[in-house]
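# Structural overview
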Amino acid sequence: MKVLVIGSGGREHALVWKIAQSKLVDKIFCAPGNGGILKQAECLDIKAEEIERILEFVRKEKIDLTVVGPEAPLAKGISDEFRKYGLKIFGPTRLAAQLEASKVFAKELMKKYNVPTADFKIFDNPEEAIAYIEEKGAPCVIKAEGLAQGKGVIVAKTREEAIQAVEMIMEKRIFGEAGRRIVIEDYLEGEEASIIGVTDSREFVTLPPSQDHKRVFDNDAGPNTGGMGAYSPAPVVNRDLSNKIAEEIIYRIIDGLAKEGIEYQGALYAGLMITKDGPKVLEFNVRFGDPETQAILPLINFDLVELLWATCEGKLTKFKKFVSLDWNDRACVCVVCTAKGYPGEYEKGKIIYGLDKVEEMKDIVVFHAGTKKEEDTARINGTQAHRFVTNGGRVLGVTGLAKTIKEAIDKTYKAIEKIHFEGMHYRRDIGRRALNWELVGRGK
Ligand code: AMP
Ligand code: GLY
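Residues numbered from 1 in each chain as written. Chains lettered and ligands numbered in written order. Predicted model: local features only at pLDDT ≥ 70, side-chain atom pairs only at ≥ 80, totals over all residues. Heavy atoms only, no water.

## Some points on the sheet that holds strand E6 (residues 120-123)
Put simply, the rule reads: Should DSSP find at least two bridges between two strands, the strands are regarded as paired. What counts as a helix is a DSSP run of H or I of at least four residues, what counts as a strand is a run of E of at least two, and both are numbered from the N terminus. As a rule, the C-alpha atoms of each element are fitted with a line to give its axis, helices using only the stretch in contact, and angles between N-to-C directions run from 0 to 180 degrees. Contact between two residues is taken to exist if any of their heavy atoms lie within 4.5 Å; hydrogens are not considered.
As summarised here, the arrangement of the four strands in space is E6-E9-E7-E8, forming an open sheet in which the pairing is antiparallel. Because the sheet does not close on itself, it has two edges, and the strands there are E6 and strand E8 (153-156). The sheet shows a mean angle of 20° between the axes of neighbouring strands, taken without regard to direction. Summarising the sheet, strand E7 (residues 140-144) and E8 pair through four bridges and their orientation is antiparallel. Within E8, the residue paired with valine 141 across the bridge is valine 155. Relative to the sheet, helix H7 (residues 126-136) contacts E6, E7 and strand E9 (182-186), its axis offset from that of E9 by approximately 10°. The strands touched by helix H8 (residues 159-171) within the sheet are E6, E7, E8 and E9, with E7 carrying the most contacts at an inclination of about 5°.

## Considering the sheet that holds strand E19 (residues 364-368)
Consider a sheet: its strands pair through backbone hydrogen bonds, and that pairing is either parallel or antiparallel. Across the sheet, which stays open at both edges, the five strands sit in the order E12-E15-E18-E22-E19 with antiparallel pairing between neighbours. Edge strands, defined here as strands with exactly one partner in the open sheet, are strand E12 (211-212) and E19. Sheet analysis places E12 next to strand E15 (residues 229-232), joined by two bridges and oriented antiparallel. Bridge pairing links glutamine 211 to tyrosine 231 in E15. Relative to strand E18 (residues 331-338), helix H14 (residues 405-416) is tilted by about 30°, and along the sheet it contacts E15, E18, E19 and strand E22 (394-402).

## What to know about the site of ligand 2
Spelled out, the test is: Nearness is defined per residue: one heavy atom within 4 Å of the molecule or strand is enough. Any pair of nitrogen or oxygen atoms within 3.5 Å is treated as a polar contact; in protein, a donor-acceptor pairing is required on top of that, and neighbouring residues in sequence qualify only through side-chain atoms on both sides. Per-residue and other accessible areas were derived by the Shrake-Rupley procedure at a 1.4 Å probe size, with only the shown protein chains allowed to occlude residues. Nonpolar residues are Ala, Val, Leu, Ile, Met, Phe, Trp, Tyr, Cys and Pro. Charged residues are Asp, Glu, Lys and Arg, and all others, Gly as well, are polar.
In the vicinity of ligand 2, the contacting residues are Asp212, Gly226, Tyr269, Asn285, Arg287, Gly289, Asp290, Pro291 and Glu292. Here a nitrogen atom of ligand 2 and a side-chain polar atom of aspartate 212 are 2.8 Å apart. A distance of 2.9 Å is found between a nitrogen atom of ligand 2 and a backbone nitrogen or oxygen belonging to aspartate 290. Out of a free accessible area of 200 Å², ligand 2 has 90% covered by protein chains. In terms of residue class, the shell around ligand 2 is built from two nonpolar, three polar and four charged.

## Side note on the nonpolar core
We count it as follows: Here the nonpolar core consists of buried residues drawn from Ala, Val, Leu, Ile, Met, Phe, Trp, Tyr and Cys, with membership extended through side-chain atoms lying within 4.5 Å. For the exposure calls, accessible area comes from a 1.4 Å probe over protein chains only, and a residue counts as buried if that area is under 20% of its type's maximum, exposed if over 50%, partly exposed in between.
Judged by nonpolar contacts, the single largest core of 76 residues is most densely connected at Leu4, Ile78, Leu99, Ile250, Phe284 and Ile419. For this core, the element with the most residues is helix H9 (residues 239-259), which contributes seven residues. Setting aside its immediate chain neighbours within four residues, isoleucine 250 contacts Ile195, Phe204, Ile245, Leu268 and Ala270. If you look at the next biggest cluster of nonpolar residues, it comprises 38 residues, including Val25, Val198, Ile300 and Leu308.

Written as structure tokens, this is what we have:
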């Protein structure tokens, strides 16, 4: 089978790495991919959003399965185009992708189908939004309606911060058209967790629960990023809670969408706050998480391609009957190394040292995100050599697998010590929150 993966980040490297282990697969392509992905796949000079060009390639090359990483091509309708030609694609249609692309759509759907989430109000006029904040007070959370690369959410501690957020989003349009409408919602307290799985619009296969670390500095300080690291399984989601989340959140959404006439096939990601009143939805994503995927895929012991294929065929019920979904005997941690300045402006082209040393380490894998492979730039003892340079904000996801989260953390940080590039930054506390929960007992 020939598989094409769309995207260029650490998530796509993890997908390609896992797909390469499948017995069903002969060849993998990635559009556009990155320096690290070149090891397992042929990278194409086609961007993730160039739907026409992707389609042309898939038809010419007779690709059997296309797997979409990021949300943008889904929101632009890549799956709809593929379906017109009867081509297999893993990822929801444009209408279904509204679940992520429009926070208004998602909140209204949750309300209609009784899915627990923070109380909210929608505004398309800044004066009314400000009047509401004056009346209601803080803390509260201001969300731009549309896609803003995970940055369109402002948690306001004070009334002034909230008002400023409204002005920035609706008047100054810091997130462009994404800020035409906003959602203002109640602030929720608790522990965050991500539940990611796949659905064929009837059945849901849940993957190990995970936790992301969104802020750029240790102890959750500094601005939000795309994600600085993740670990899995997240012990805050034990088996009972996992069942409750499936029943009260996931199936209600899938069934709700179906009632609205929307078939959903692909990855479904629920960002949750586990509050003292139970799990509540912060957001839905219509794709795998980044960097959660890097921490999840090393844990699963079945063939990922079988899962993706069964999703596209609408046969997840059958898949579930035959595949063991047990992952509680291991833990995985992914720490993201970023370029200096990220999530703001950053430089590219810094040489990355030490990757060869880490390659020798057992149960460590480095998923590349913003990297580029440079050929022929150096010659060692007369033989051809290559090197990797930085080419993005999030550069690498150093990932360690072990029996417990504690061991996985130690192993991962040992590996990171061997890697270096100018201005490299990473958080030193990834996974630390899990340790308190581990003492309480995991997966029980
Ligand atoms: P989102 O993109 O909607 O998941 O929001 C990004 C981050 O903002 C989340 O990971 C939370 O840390 C925070 N957040 C979003 N909504 C809320 C809320 N209602 N209460 C508290 N924190 C929130
Ligand atoms: N890690 C957060 C996301 O993928 O949206």
